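Results of the structural survey
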Amino acid sequence: MSNLEDTKYMTRALHLAAQGLWTTDPNPHVGCVIVKNGEIVGEGWHHKAGDFHAEINALQMAGKNAENSTVYVTLEPCCHFGRTPPCSQALVSAKVSRVVTAMVDPNPKVAGQGLAQLQAAGIEIKSGVLQEQAEALNVGFIKRMREKLPFVRLKLAMSLDGRTAMKNGESQWITSSEARTDVQKWRARSSAILTGINTILADDPALTVRLPNVSRQPLRVVLDTHLRISPHAKIFKEKGENLILTSKETSLTFPNTEIKQIQLKNGHLDLLEVCKTLAENEINEVFIECGATLAGAFISEKLVDELILYVAPTFLGDQARGLLQLPHLVHLKDRINFQIKEIRHLGQDLRLTLRF
């Protein structure tokens, strides 16, 4: 097939993969399309961990038509037994003639071995078709596999003069309803929502996804150095699991909650160790919603991969609360730089997506 056709069918596979954006955690989001004689004869996507992988769903749809077909899959087929059998062997058994992948699987258990198995069976291999788009779909899984760290996304919202709330703490609502709905979508795709104890004590947030037809609530993570959280906090009453990270030894228990000790750094929880702990818990993407102090700490330690910044067309004045607490910066060379990747209108607001 031509490069144009490969791009066409891989685009469809990526569209299918995105349907699992809210559900597949901790597995990657994968889509698969099977083409024979210029027609799609099978397609599928990975729904959730433990269910069939995208290739198996597509093969079941294709049936006997899979023989001598071309298979487009957004991630290298797995070659090991996990929750399900290896997809590479299923493709060999189906007698497909060609497999096109968007990217090699960064999981060390695969890492090219799946493609090698297919090639050894006489199947033609092509990799790297729409790789950038495939990587964007699985940034968290890729980073966890390669660096043993989650992909960290920090959400902030501010006025035009860089303020987040009035002096008395009043902040509902600076941004529009469209921006707030967008935040819910970011929450839904995240493995975990992280905040600090000061936000819990001040606002008592639920930290849940409030969208229709949501089947999975992300893990709620609270950084609570001195274990000050109230047993009556709203997060303990919501569906889903909680993780409290603290420096204290404790025998306390809370509903649906695990408490883990993290070492201190300069009197506060070591944020790098926080991230390592989350990766060990199979957390791919972390969505941080917190106050100025914790947000500034994550940025200062360069642990933020992506910044989602909502900007409302309003001024709150000099006495209103600032966006971040950063260490004293003396010279311009000390400034912390981001690159703007995207600017989008949401209602009356702007959403800026920035990367380090």
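Now for a quick tour of the structure. None of these values were measured; they are calculated from a predicted model. (Residues numbered from 1 in each chain as written. Predicted model: local features only at pLDDT ≥ 70, side-chain atom pairs only at ≥ 80, totals over all residues. Heavy atoms only, no water.)

With respect to the environment of Gln339
Put simply, the rule reads: A helix here means a DSSP run of H or I that spans at least four residues, while a strand means a run of E at least two residues long, and both kinds are numbered starting from the N terminus. Should any heavy atoms of two residues lie within 4.5 Å, those residues are considered in contact.
The residue Gln339 is located in strand β17 (residues 339-346) in this model. Through-space distance from the C-alpha of Gln339 to that of Glu306 is 9.6 Å; in sequence the pair is 33 residues apart. Setting aside chain neighbours within four positions, we find Gln339 in contact with Thr353, Leu354 and Arg355.

Some remarks on the state of the cysteines
Note the cut-off: In this description, a disulfide is simply a cysteine sulfur pair whose atoms lie within 2.5 Å. Burial classes: relative accessible area under 20% of the type maximum marks a residue as buried, over 50% as exposed, and values in between as partly exposed (1.4 Å probe, protein chains only).
Counted by the stated rule, this structure contains 0 disulfides. Considering cysteine sulfurs only, Cys290 is the nearest to Cys275, which forms no disulfide, with 12 Å between them. The buried category is assigned to Cys275, whose relative accessible area is 4%.

Regarding the sheet that holds strand β10 (residues 242-246)
The criterion, for reference: Strands pair, by our definition, only if DSSP identifies at least two bridges between them. A fitted line through C-alpha atoms represents every axis, and for helices the fit uses only the stretch in contact; the resulting angles, taken between N-to-C directions, go from 0 to 180 degrees.
The strand order β11-β10-β9-β8-β14-β6-β15-β18-β17 describes an open sheet built from 9 strands, whose pairing is mixed. Since the sheet does not close on itself, it has two edges, and those belong to β11 (257-261) and β17, each with one partner. For this sheet, the mean inter-axis angle between neighbouring strands, taken without regard to orientation, is 20°. Direction of pairing for strand β6 (residues 151-158) relative to strand β14 (residues 285-288): parallel, over a ladder of 4 bridges. When the bridges of β14 are listed, Val152 appears paired with Val286. The strands touched by helix α6 (residues 139-147) within the sheet are β6, β14 and β18 (349-355), with β6 carrying the most contacts at an inclination of about 135°.

Some details on the pairing of β18
Of all 7 residues that make up β18, 5 are buried, and the element is covered over most of its length. Bridge count for strand β15 (residues 306-311) against β18 is 6 bridges, and the pairing is antiparallel. Its bridge partner being in β18, Ile308 is matched across the sheet by Thr353. Note that β17 and β18 share 7 bridges and pair antiparallel. Bridge pairing in β18 links Glu342 to Thr353. Hairpin connection between β17 and β18: a loop of 2 residues separates the two successive antiparallel strands, and Gly347 in this loop has a positive phi of roughly 60°.

Points about the packing of aromatic side chains
Filter applied, for reference: Paired rings are identified among Phe, Tyr and Trp, the last through its six-membered ring, by centres lying within 6.5 Å, and are further divided according to the angle between planes into stacked (under 30 degrees), edge-to-face (over 60) and tilted (the rest).
Taken as a whole and assessed by the stated rule, the structure comprises 3 aromatic pairs. Here the aromatic rings of Tyr9 and Tyr72 are separated by 5.4 Å at their centres, their planes lie at 40°, and the arrangement is tilted. With a gap of 63 residues between them, Tyr9 in helix α1 (residues 3-17) and Tyr72 in strand β3 (residues 70-73) connect regions that are remote in the sequence. With relative accessibility at 4%, the residue Tyr9 sits in the buried group. Residue class for Tyr72 comes out buried when judged on its relative accessible area of 0%.

Describing helix α2 (residues 54-62)
For α2, the tally of buried residues reaches 7 of 9 residues, placing the bulk of the element in the interior. Of the surrounding secondary structure, the elements contacted by the buried residues of α2 are β1 (31-36), β2 (39-45), β3 and α3 (87-93).

Considerations on the nonpolar core
Rules: By nonpolar core we mean a set of buried residues, namely Ala, Val, Leu, Ile, Met, Phe, Trp, Tyr and Cys, connected to one another through side-chain atoms within 4.5 Å.
By size, the foremost hydrophobic cluster in this structure holds 42 residues, and its most contacted members are Met10, Ile34, Val96 and Val99. When residues no more than four places from it in sequence are discounted, the contact partners of Ile34 are Glu39, Ile40, Val41, Gly42, Ala58, Leu59, Ala62, Ala66, Ser69, Thr70 and Val71. Leu219, Val221, Leu243 and Phe298 belong to the second largest nonpolar core, which has 34 residues in total.

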